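Overview (structure and organization)
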Amino acid sequence: MTQDELLKLAKFISRYSHHNYQYGKYDCMLFPAEWNDVRSGTKKADAIRDNYYDKFTAMKFYKNFISVEGWLKGAGYHEIEVDVDNPIIDGDMVVSGMPEWPLVYVAFQGNLYYMSEDGLFAYNTKVVNKRSVWRK
Amino acid sequence: MSPSLVAETSKAVVQYYELVYIGVGDGYYITNAPWDINHGGNNYISAGALMSFDAVQENIGFEITRLSITIGGIAPMPGDSDPFLKKILSLDYIDRPVSIVRAYYNHDSYIDSVLIYSGYINNGTAGVGLQTGAAVRIETSNNWSNFSLVSGRLTNDAKQQSFYPGDRGFEYCKQVQKQVEWKEEA
C-alpha cells in the first residue's frame, strides 16, 4: 500500500465513522466495497448499494450475489498466509464469520475496522477469528 | 456554546472532528477530519484516522490530567537524507503548547467549534512498527501545569503583582498570618 493510499484509507475511515449503520447505504458489505472503490477509482460498490434495505433483504441479496472471496479476487486481491514474518498490514481485507453471512474487516494501523450495526468499530487483529486474509 | 451548537449537540447523531494545534517550530495544524479545514485563519491538514488521542477527561478538581496524541502512518520522504526520527528528536517540543478544538458539522456543513483541551507537551516519543509504519506520540499535561512557575509559589502580594499586575487578591494575606488571641469578654 502506498503512502497516498494509506492517507486515503485514513480519511475514508474518518468519514465512515460518522455514518449510522443503514442497510444498503452504510453497512458491512458496503464498507470494504466502497474503500476498494476509493482506493482503485472503480465503482464496484454500485452493484451492492441500494439493493436491500433490511437484514432479511440483505441476506437474500447476498445469497444471489457472488461470494466475498470471488468478489475480492475480481477486485484484484489475492489470498495470503499470515504469520510472524508476513503480518497483516494496512489495507488487507480479513474475512471472518459464517460462509452464508461473512464479515469483512479492513486492516488499518494495527486494527481491523468493521461496520457493525452499532457503527464503525476497530478490533485488535488478534481477537478476530480469521477465515482468510486478502491483499492487493 | 452558541444556540446552534447546543441544538446540534442535542441530536442523536452528532458529526464532529478535532482540530489539533501543536506549537512546535512554526506550529503544526492537523485534523482527523477527512478533509482539510480552515479555522481561525489556519489550515488544518487532514490526517484522517492516522491521528488519534486519548479521551478528554473533565473533573471537578484542579488536577493536572494528561492526554496523549498519536500521529501514525509516517513514512520517510523519498530522497529524504534526514530521517524523520532524527528530525523529530531534534525539535524543541518540551513545554510547547497544544490545543484541541472540536468542530461540529451537520451533513458536512460547519456549525460551530469549541475548545476542548489546552495543555503543554511534557514528553514525546517516536517509533517504527513493522505493520503500522512510523508514528509520533506526544504526551501533554493540561493547562493547570505551567512549567515556568517554580514549585511552592509564594502566595503573597509581591508575587501576585509580578504575575498579575494590579490584582490585589493577596494584598491583605499577610494579615492572616497574625496570631489572633481570643479573650473572654470582660
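Okay, so let's go over this structure. Just so we're clear, the structure is a prediction, and the values are computed from it rather than from any experiment.

With that out of the way, let us pick up the interface of chain B and chain A. Contact residues are listed per partner, giving 22 residues for chain B and 17 residues for chain A. Together chain B and chain A conceal approximately 1500 Å² of surface at their shared face, both sides included; 57% is due to carbon and sulfur atoms. Its salt-bridge partner being Asp108 of chain B, residue Arg15 of chain A comes within 2.9 Å of it at the nearest N-O pair. Only β1 (15–22) and β6 (66–74) of chain B provide two or more residues apiece to the side of chain B that touches chain A.

This part covers empty space enclosed by the protein. All names here are of chain A. Within the structure shown, the criterion is met by three cavities of 30 Å³ or more. Lining the largest cavity we find 16 residues, and of these Met29, Pro32, Tyr62, Val68 and Val104 sit closest to its centre. Of all the elements in the fold, those that place two or more residues in the lining of the largest cavity are α2 (30–40), α4 (68–74) and β3 (101–108). Element by element, the count of residues in the lining of the largest cavity is highest for β3, at four residues.

A few words now on α2 of chain A. All names here are of chain A. Taken across its eleven residues, α2 has nine buried, putting it largely inside the fold. Where α2 is concerned, the buried positions are Leu30, Phe31, Pro32, Ala33, Glu34, Trp35, Asn36, Asp37 and Arg39. Looking at the packing, one finds that the buried side of α2 touches α1 (3–16), α4, β2 (93–98), β3, β4 (111–116) and β5 (119–124). A positive phi of about 75 degrees marks Gly41, the residue just after α2.

Glancing now at the pairing of strand β6 (residues 132–135) of chain A. For a regular strand, the rule is simple: side chains alternate between the two faces of the sheet. Residues and elements named next belong to chain A. Across the two faces of β6 the burial is the same, with Ser132 and Trp134 and Val133 and Arg135 all buried. Across three bridges, strand β1 (residues 78–80) lies against β6 in antiparallel orientation. Residue pairing across strands places Ile80 opposite Val133, the latter belonging to β6. Of the strand pairs in this sheet, β2 and β6 are connected by three bridges, and their pairing is antiparallel. Each bridged residue has a counterpart across the sheet, and for Val94 the counterpart in β6 is Val133.

Here we take up the environment of Ala58 of chain A. Residue and element names in this part refer to chain A. Structurally, Ala58 can be placed in helix α3 (residues 55–63). Sequence-wise, Ala58 and Trp134 are 76 residues apart; in three dimensions their C-alpha atoms are separated by 23 Å. Non-local contacts of Ala58, meaning those with residues more than four positions away in its chain, are made with Tyr23, Met29, Tyr52 and Trp101.

The subject of this paragraph is the layout of surface pockets. There is about 500 Å³ of room inside the second largest pocket. Lining the second largest pocket are 19 residues, and of these Ser17 and His18 of chain A together with Glu18, Asn32 and Met51 of chain B lie nearest its centre. Sorting the residues of the lining of the second largest pocket by element identifies α1 and β5 of chain A together with β1 and β5 (51–53) of chain B as the ones contributing at least two each. Looking at side-chain class alone, the lining of the second largest pocket contains eleven nonpolar, six polar and two charged residues.

Residue and element names in this part refer to chain A. Here the structure, examined in full by the defined rule, presents 19 aromatic pairs over all chains. Ring plane angle 20 degrees and centroid distance 5.6 Å describe the contact between Phe12 and Phe31, whose orientation is recorded as stacked. Of this pair, Phe12 sits in helix α1 while Phe31 is found in helix α2, placing the two residues 19 residues apart along the sequence. Neither residue differs from the other here; Phe12 and Phe31 are each classed as buried.

Definitions and cut-offs
- Residues numbered from 1 in each chain as written.
- Chains lettered and ligands numbered in written order.
- Predicted model: local features only at pLDDT ≥ 70, side-chain atom pairs only at ≥ 80, totals over all residues.
- Heavy atoms only, no water.
- Contact = heavy atoms within 4.5 Å.
- Buried area = accessible area lost by both parts, 1.4 Å probe.
- Salt bridge = Lys/Arg side-chain N within 4 Å of Asp/Glu carboxyl O.
- Helix = DSSP H or I, 4+ residues; strand = E, 2+ residues; numbered from the N terminus.
- 1 Å grid on protein atoms, 1.4 Å probe; cavity = no way out; pocket = protein on both sides within 12 Å on 5 of 7 lines; lining within 4 Å.
- Points joined across faces, edges and corners; volume = space filled by probe spheres on them.
- Buried < 20%, exposed > 50% of the residue type's maximum accessible area, 1.4 Å probe, protein only.
- Pairing = 2+ DSSP bridges.
- Nonpolar A, V, L, I, M, F, W, Y, C, P; charged D, E, K, R; others polar.
- Phe/Tyr/Trp six-rings, centres within 6.5 Å; stacked < 30°, edge-to-face > 60°.

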